[in-house]
Amino acid sequence: MKPALKYALIALALAVAVAVPFGLEPRGYATRILCLVLLFAAMAQAWNIVGGLANQMSLGHAAFFGIGAYGSTILLVKYGISPWLGLLPGMAAGGVAAWLISLPTMRLRGHYFALATLAFGEVMRLVANTWGGLTGGPSGISVPFSKPGLAVFQFKDMRPYYFLMLAALLVVTAIFAGIRHSKLGYRLRAIRENPSAAEAIGVDTTRTKIIAAVVSGALMAGLGTFYAQFQFFFDPDTVFSIPAISVRVAMIAIVGGVGTTIGPIVGALFLIPIEELANQTFSDQAAGLSQLVFGLLLIVVILAEPRGLLEIGRRLWRWRGRT
Amino acid sequence: MTALLQISNISKRFGGLQALNDVNVSIARGEILGLIGPNGAGKTTLFSTLVGLLKPSTGSIRLEGREIAGMKPHRIASAGMVKTFQNVALFLDSSVLDNVLTGGLLRHSVSEARALARHCLAQVGLSDIADKRAGDLSFPERARVEVARALCTEPRILLLDEAMAALNHAEMDEFLALLRRLRDGGLTLVIVEHHMKAIMSICDRLLVLNFGRQIAIGTPAEIARDPAVIEAYLGRSAA
Ligand SMILES: Nc1ncnc2c1ncn2[C@@H]1O[C@H](COP(=O)(O)OP(=O)(O)OP(=O)(O)O)[C@@H](O)[C@H]1O
Ligand SMILES: [Mg+2]
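Analysis parameters
Residues numbered from 1 in each chain as written. Chains lettered and ligands numbered in written order. Predicted model: local features only at pLDDT ≥ 70, side-chain atom pairs only at ≥ 80, totals over all residues. Heavy atoms only, no water. Donors = N, O, S within 2.8 Å, 3.2 Å for Na, K, Ca; no water. Helix = DSSP H or I, 4+ residues; strand = E, 2+ residues; numbered from the N terminus. Buried < 20%, exposed > 50% of the residue type's maximum accessible area, 1.4 Å probe, protein only. 1 Å grid on protein atoms, 1.4 Å probe; cavity = no way out; pocket = protein on both sides within 12 Å on 5 of 7 lines; lining within 4 Å. Points joined across faces, edges and corners; volume = space filled by probe spheres on them. Salt bridge = Lys/Arg side-chain N within 4 Å of Asp/Glu carboxyl O. Domains from an automatic or database assignment. Contact = heavy atoms within 4.5 Å. Buried area = accessible area lost by both parts, 1.4 Å probe. Polar contact = N/O pair within 3.5 Å; in protein donor to acceptor, adjacent residues only side chain to side chain. Nonpolar A, V, L, I, M, F, W, Y, C, P; charged D, E, K, R; others polar. Near = heavy atom within 4 Å. Areas by Shrake-Rupley, 256 points an atom, 1.4 Å probe, with all protein chains shown as cover. Axes fitted to C-alpha atoms, helices over the stretch in contact; angles between N-to-C directions. Left-handed = near helix turned anticlockwise from the far one by under 90°.

**As for the coordination of the magnesium ion (ligand 2)**
Geometry sets the ideal angles at a metal, namely 109.5 degrees for four tetrahedral donors and 90 or 180 degrees for six octahedral donors. All names here are of chain B. With distances of 1.9 to 2.0 Å, the protein atoms coordinating the magnesium ion (ligand 2) are Thr44 (OG1) and Gln86 (OE1). Of this pair, Thr44 sits in helix α1 (residues 43-50) while Gln86 sits in the loop between β6 (81-83) and α3 (96-104), and the two are 42 residues apart along the sequence. On the basis of relative accessibility, which here comes to 27%, the residue Thr44 falls in the partly exposed class. In this structure Gln86 comes out as partly exposed when scored by relative accessible area, which is 35%.

This is the structure we're talking about:
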């Protein structure tokens, strides 16, 4: 694609993203779903740094997400610290957790890395459930209500949340795109394509992977705070969930186009609404039917093009150009 | 004159197999050393051990007087020694330019590395395919890209493992001319090559390995008339 066309498309997409909520009911269901689309796109983008650029299939990103959600919320509940400030220690804790988990999993490949990270997420869920004094345990934790406003990160209707989620997505996407074109991005690609060759021409593979993991984990934790402020209530089984967080963010990035800058956005725009639709359509039918339909749809996409929707789009574009 | 690279008593064992057995050699700055020996002699193993991809079982490796045995490959690369891979190890999904550029990141920013990468590609005569995907290249082209990538790390000593394999005559002459230019520019080279005429014409000295053991070292003329070498290597390939 020509750069001019690319920038025009980006500007158009941004204009649409800014305009859309004004055409929707501010407290409505549609705006709420769009907030989740933006949030999950940002989460999948943060995952994409490890899962896409470093090609390490993490299934434990809920760990960092939950750490961020609990971090800022506990600081708010216990000490009245604004979530905007609580965001920072939460992100630091997410980064440190990512660093700690990357040390032992560093040399694991493929399935083993996926399993080890999966287990880490589960450990965090158990810790949060057990350590009730700090987290409120299995009964969950609520964000205390205060007078709405930007300073306290609470609003009456959905529109401000929408724009904050959009801002978060833009920031995470800018970081992702920046990494891709930086030394770190080149090094991650080198490690992904040939680790021994990368090491032999001077890439410190250990350090490079740790930096990627820390950035990814910290961003994921930051988004945990956004989720907490958006939902007002959550428990360990939600924020540390394997299917609802860890697997879902990986799935969004993979279905959209793993390792690409817009893949996670495309993936979230596709998956989140369809999942909602499936839930609504089949909720009065047999239990689990919506998940079944949703799962089948994922299988169809991945069978059609393992590189995801973006690649299907590219193929259609080329095909259209030819006829 | 102090040696640039001092290899002392290097041995490497793979389980029951003694792949390298007490190798000793000292390589001078600006020298072109040829490393020859029959298949399985341990040439690639020696290279991998020198750059840290394998740890030596015993022995010492000093680069400019500094002990590097057991260091990680990226530290050895930044100390100034890199190798190319016999089976060619490129980043196949990346462009030729990006492959070479990644070598330059060892000492430079992305934009500096890009300029240096173009220069290195010009040196090996591949400027016109800079934007091709590495995976789409022919084998000889890949080998030259790998040489350019190694050069882009700005090494003091470069180990080439059969980089000339599959080159035709004209290409080989060009490649030998490149190696001479690099040497004249101050680079030290160790080359593994099965093509005898090429290696005899370019090397100052040859080191001969057989079953992991160093059986001879000397000028090409000395090696050509060494009875142990004729027996172990030239004799066998002539038969
Ligand atoms: N990683 C390894 N594990 C076990 N044995 C190995 C390993 N690498 C090499 N070897 C063995 O060590 C010996 C030396 O192999 P090496 O590849 O160094 O030989 P070479 O001189 O480079 O041969 P060629 O001319 O065929 O490239 C061979 O017997 C080989 O099978
Ligand atoms: Mg070999």
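**So, empty space enclosed by the protein**
All names here are of chain A. Under the criterion given, the structure shown has three cavities of 30 Å³ or more. The space that makes up the largest cavity amounts to roughly 120 Å³. Every residue lining the largest cavity is counted, 13 residues in all, and those nearest its centre are Val50, Ile101, Ser102, Phe113 and Ala213. Those elements giving two or more residues to the lining of the largest cavity turn out to be α4 (83-105) and α5 (110-130).

**What about the pattern of salt bridges?**
Taken as a whole and judged by the stated rule, the model has 17 salt bridges over all chains. Of the charged contacts, one joins A:Glu305 and A:Arg315 as a salt bridge, the two residues approaching to 2.3 Å between their closest N and O atoms. In this pair, A:Glu305 is assigned in the loop between α14 (289-304) and α15 (309-322) and A:Arg315 in helix α15, connecting sequence segments 10 residues apart. In this structure, the salt-bridge partner of B:Glu67 is B:Arg62, at a minimum N-O distance of 3.9 Å.

**Some thoughts on the domain arrangement of chain B**
All names here are of chain B. If you check the domain split of chain B, you get domain 1 (1-80 + 157-166 + 187-239) and domain 2 (87-154). A separation of 25 Å is found between the C-alpha centroids of domain 1 and domain 2. Of the residues lining the interface, nine residues belong to domain 1; the matching set on domain 2 comes to eight residues. When the two sides are added together, the surface that domain 1 and domain 2 hide from each other amounts to roughly 610 Å², 74% of it contributed by carbon and sulfur. Put simply, domain 1 and domain 2 have zero salt bridges between them. Remark: the boundary between domain 1 and domain 2 carries two residue pairs in polar contact (both at pLDDT 80 or more). Counting only elements with at least two residues in the side of domain 1 that touches domain 2, the list comes to α2 (73-79) and β7 (157-161). In terms of residue class, the side of domain 1 that touches domain 2 is made up of seven nonpolar, two polar and no charged.

**Considerations on the site of ligand 1**
All names here are of chain B. Of all residues adjacent to ligand 1, which total 13 residues, the nearest are Gly40, Lys43, Thr44, Thr45 and Gln86. One of the side-chain nitrogen or oxygen atoms of Lys43 is found 2.7 Å away from an oxygen atom of ligand 1. Taken by itself ligand 1 offers 640 Å² of open surface, and the protein chains cover 61% of this. Elements that contribute at least two residues to the shell around ligand 1 include exactly β2 (17-27) and α1. Here the element with the most residues in the shell around ligand 1 is α1; it accounts for three residues. Split by residue class, the shell around ligand 1 holds four nonpolar, seven polar and two charged.

**What about the environment of B:Ile61?**
Relative to the helices and strands, B:Ile61 resides in strand β4 (residues 58-63). Assessed through its relative accessible area of 1%, B:Ile61 is described here as buried.

**Points about the packing of helix α3 (residues 62-79) of chain A against α4(A)**
All names here are of chain A. Running from N to C, α3 and α4 cross one another at 145 degrees; their axes reach a closest spacing of 8 Å. Of the two possible hands of crossing, α3 and α4 adopt the one that is right-handed. From α3, Phe64, Ile67, Gly68, Ser72, Leu75 and Leu76 reach across to α4, where they touch Pro83, Gly86, Leu87, Pro89, Gly90, Ala93, Gly94, Ala97, Ala98 and Ile101. Split into classes, the residues belonging to the contact of α3 with α4 amount to 11 nonpolar, five polar and no charged.

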